[in-house]
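# A look at the structure
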Amino acid sequence: QVQLVESGGGLVQAGGSLRLSCVVSGIIFSINDMTWYRQAPGKQRELVAVITGGGRTNYADSVKGRFTISRDNNKKTVYLQMNSLKPEDTGDYYCQTSLKGYNYWGQGTQVTVSS
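The following paragraphs examine the structure supplied in this document. (Residues numbered from 1 in each chain as written. Predicted model: local features only at pLDDT ≥ 70, side-chain atom pairs only at ≥ 80, totals over all residues. Heavy atoms only, no water.)

### Remarks on the pairing of strand 11 (residues 109-114)
Heads up, the rule is: Whether a residue is buried, partly exposed or exposed follows from its accessible area with a 1.4 Å probe, protein chains only, as a fraction of its type maximum: under 20%, in between, or over 50%, in that order. Think of it this way: any DSSP run of H or I at least four residues long counts as a helix, any run of E at least two long counts as a strand, and we number them from the N terminus. Strand pairing is defined by DSSP finding a minimum of two bridges between the two strands.
Only one face of strand 11 is covered, namely the one carrying Thr109, Val111 and Val113; the face carrying Gln110, Thr112 and Ser114 has none of its residues buried. Strand direction decides the pairing type here: strand 2 (residues 10-13) and strand 11, joined by 4 bridges, are parallel. Looking across to strand 11, one finds that Gln13 is bridged to Ser114. Across 3 bridges, strand 9 (residues 91-99) lies against strand 11 in antiparallel orientation. Residue pairing across strands places Asp92 opposite Gln110, the latter belonging to strand 11.

Following this line, the structure appears as structure tokens:
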């Protein structure tokens, strides 16, 4: 059974930082690509950052230079370090992975950035 559990969200002032974590079970974590998405109120879910099994990363233009995605294969955990947060970063953040063509999602963690 594949499970993804996010944590680390909260309320932070603009300019502040948060680190999100996503613990994964039920897959061979080290070879799976891992992705962070977010969904702002009233908007569609959007890709934030992705890290491949080999460690290559890619980011949405809106977060480049501010967010860093990383992974610890021993802990089966993917992280999203978010710095210089802006009010427009507010939303629910989800981690996602795929296995045999099926997408798995965590329950999400809420991030609120106050101005």
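Resuming the write-up.
### Some points on the packing of aromatic side chains
Two aromatic rings, taken as a pair, are described by how far apart their centres are and by the angle between their planes. What counts, and what does not: Planes of paired rings set the category: under 30 degrees apart is stacked, over 60 is edge-to-face and the rest tilted, where pairs are Phe, Tyr or Trp rings (Trp by its six-membered ring) whose centres lie within 6.5 Å.
Tallied over the entire structure, the rule returns 3 aromatic pairs. Where Tyr94 meets Trp105, the ring centres are 6.5 Å apart and the plane angle is 85°; that geometry is what we call edge-to-face. You can see Tyr94 sitting in strand 9 and its partner Trp105 sitting in strand 10 (residues 102-105), a full 11 residues away along the chain. Residue class for Trp105 comes out partly exposed when judged on its relative accessible area of 34%. Consider the rings of Tyr102 and Tyr104, whose centres lie 4.8 Å apart with planes at 65°: the pair is edge-to-face. With relative accessibility at 22%, the residue Tyr104 sits in the partly exposed group.

### Thoughts on the environment of Asn58
Test applied: It only takes one pair of heavy atoms within 4.5 Å for two residues to be counted as in contact.
Within the secondary structure, Asn58 is located in strand 6 (residues 57-59). Placed 55 residues apart in sequence, Asn58 and Val113 show a C-alpha to C-alpha distance of 23 Å. When neighbours within four sequence positions are excluded, Asn58 is seen to be in contact with Val48, Ala49 and Val50.

### Quick look at the nonpolar core
Going by this rule: Side-chain atoms within 4.5 Å link the members of a nonpolar core, which is a set of buried Ala, Val, Leu, Ile, Met, Phe, Trp, Tyr and Cys residues.
Counting 27 residues, the largest nonpolar core has Trp36, Leu80, Met82 and Tyr93 as the members making the most contacts within it. Of all the secondary-structure elements, those providing two or more residues to this core are strand 3 (18-25), strand 4 (34-39), strand 5 (46-51), strand 7 (67-72), strand 8 (77-82), strand 9 and strand 11. Filtering out sequence-adjacent residues up to four positions away, Met82 remains in contact with Gly16, Ser17, Leu18, Leu20, Arg66, Phe67, Tyr93 and Val111.

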